Structures are given as C-alpha cells and as structure tokens.
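Understanding the architecture of this molecule
Single-letter residue listing:
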Amino acid sequence: MKNQQPTWYKKLVIAALTVSIGLSAGMVSAPHQAGAAEAIDASITATSRGSQVISIGKNYLGRPYQFGAKAGQTRTFDCSSFTQYVFKRVGVNLPRTSKQQSHVGSYVSRSNLRTGDLVFFSIPGKPGVINHVAIYMGNGNLLQTYGAGGVRITNINSGTWSSRYMTARRVL
C-alpha cells in the first residue's frame, strides 16, 4: 500500500518551496539592495577588520615612541605613523598626521565606539587642538603610542585621556 499525503499537505510543501526558492533567487539577483542582512554583514566585516588592526598593532607593543617618526618604518612610531602603518596593513590608507586623520571616515560618538575606530585627543599645552590619535580596542581600551613606554594599551577613561578626548572616526 502506497503512503499518500493529504492534498493540503502537498499544497503546503509546494508553497513553502516556492517561497524559499523565490527568496533565494531575490537575494542572489539583487545583492545591491541595502537591507538588514547587508547591514549585518558590513558590521561583521568591519568588526573583523577592527580585530585585525588590533592584532597587527599589538605586535608592536613596547616599540619606542619618537615624535615625527618616519612613515612606513617600524623601528619607532609616533601616534599617527603608528595608526597609518597598522591601517595600511588592512588596506586602509590614512594621511600622515593626527589632525589630517581626524577628517577621514565618518564621525562616531564616544558612546558608539567599536574596535578599530580612531580616537582623537588634545595634548597638554594645546587644549582643543587635535594632536594625538589612538585606536579603540573595545572595553574602554586604547592601543596607542605616546611618550615613554612607546606602543601600549591604556584606558580611555583614565584621567589624562578622558579629559582630553576630542572626537572619533570610523574608517573601517
């Protein structure tokens, strides 16, 4: 005896397959449409690239700071030669100075920082003027180089950096 499904069941299966095939075809044929899935994919990609930036930058922990360090070399860094070098390794070309870098990408508020964002600060003696850049690592931490200690991890909420915070930019 042959096992036969009720007519309503067959219609349900056909409808489900039709919807599934239609959705798949629509997603394949129209990838240019910006929808929720594409936004999620973009966010995941940016997060992955941000993690790559941090991973690359951590390879230079302890590398000495030198104001005006030559771009492209890794013996010493200043803040902006460090960010320029690390981001170039993931395919993002940044200008040479922190002030110039503060104009690329898109603005991001302090409360919406994510791994790989550039964070800008003033320095003592020049309040209100961007003179320093760091890379946001997540959990309130920054990867940066400034003064003694060279490339290191610091907290954005420490007194010094918190009070000198100026702005942030997303370039990934």
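Preceding block: the structure.
Our subject in this report is the structure included herewith. It should be emphasised that the depicted structure is a prediction, and the values quoted were computed from it without experimental measurement. (Residues numbered from 1 in each chain as written. Predicted model: local features only at pLDDT ≥ 70, side-chain atom pairs only at ≥ 80, totals over all residues. Heavy atoms only, no water.)

1. Some remarks on the overall build of the protein
Scanning the protein from terminus to terminus reveals 5 helices and 6 strands. In sequence order, the secondary structure elements of the protein are arranged as α-α-α-α-β-β-β-β-β-α-β. For the protein, buried positions account for 38% of its 172 residues. Contacts spanning at least 24 positions in sequence make up 53% of the contacts within the protein whose residues lie at least 6 apart. Counting every atom, the protein has about 10,000 Å² of accessible surface; 57% of that belongs to carbon and sulfur. (Helix = DSSP H or I, 4+ residues; strand = E, 2+ residues; numbered from the N terminus. Buried < 20%, exposed > 50% of the residue type's maximum accessible area, 1.4 Å probe, protein only. Contact = heavy atoms within 4.5 Å. Areas by Shrake-Rupley, 256 points an atom, 1.4 Å probe, with all protein chains shown as cover.)

2. Section: the nonpolar core
Core analysis: the largest hydrophobic core is formed by 23 residues, its most contacted members being Phe-82, Phe-87, Leu-118 and Ile-135. Secondary-structure elements contributing two or more residues to this core are α2 (36–58), α3 (79–88), β2 (118–121) and β3 (132–138). The biggest single contributor to this core is α3, with 5 residues. Excluding residues within four positions of it along the chain, Phe-87 makes contact with Val-53, Val-92, Leu-94, Gly-116, Leu-118, Ile-135, Val-171 and Leu-172. Core analysis: the next-biggest nonpolar cluster, separate from the first, contains 11 residues, Val-108, Val-119, Tyr-165 and Ala-168 among them. (Core = buried A, V, L, I, M, F, W, Y, C linked by side-chain atoms within 4.5 Å.)

3. Remarks on the packing of aromatic side chains
Applying the stated rule across the entire model yields 8 aromatic pairs. For the ring pair Phe-77 and Tyr-85, a centre distance of 5.9 Å and an interplane angle of 50 degrees mean the geometry is tilted. In terms of burial, Phe-77 and Tyr-85 fall into one category: buried. With a centroid separation of 5.0 Å and an interplanar angle of 70 degrees, the aromatic rings of Phe-121 and Trp-161 are classed as edge-to-face. Residue Phe-121 is located in strand β2, and its partner Trp-161 is located in helix α5 (residues 159–164); the two are separated by 40 residues in the primary sequence. Counting every residue linked through ring pairs, the aromatic cluster contains Tyr-65, Phe-121, Tyr-146, Trp-161 and Tyr-165. Positioned over the ring face of Tyr-165 is Arg-110, at 4.6 Å from the centre of the ring. (Phe/Tyr/Trp six-rings, centres within 6.5 Å; stacked < 30°, edge-to-face > 60°. Lys NZ or Arg CZ within 6 Å of the ring centre and 35° of its normal.)

4. What about the pattern of salt bridges?
All told, the structure shown has 2 salt bridges when counted by the stated rule. Asp-117 serves as the salt-bridge partner of Arg-170, at 2.9 Å between the closest nitrogen and oxygen. Here the residue Arg-170 occupies a position in strand β6 (residues 165–170), and Asp-117 occupies one in the loop between β1 (106–107) and β2, the gap between them amounting to 53 residues. Here Arg-170 matches Asp-117 in class, with each residue buried. (Salt bridge = Lys/Arg side-chain N within 4 Å of Asp/Glu carboxyl O.)

5. Quick word on the pairing of strand β4 (residues 141–145)
With respect to burial, β4 is a largely interior element, 4 of its 5 residues being buried. Inspection of the sheet shows β3 paired to β4 by 3 bridges, in the antiparallel sense. Of the residues in β4, the one forming a bridge with Ile-135 is Leu-143. Judged from the 5 bridges that link them, β4 and strand β5 (residues 151–155) form a sheet pairing that is antiparallel. Its bridge partner lying in β5, Leu-142 is registered against Thr-154. Counting the residues between successive antiparallel strands, the hairpin from β4 to β5 contains 5 residues, one of them, Gly-147, with a positive phi of roughly 65 degrees. (Pairing = 2+ DSSP bridges.)

Don't take any of this as a statement about function, it's just geometry.
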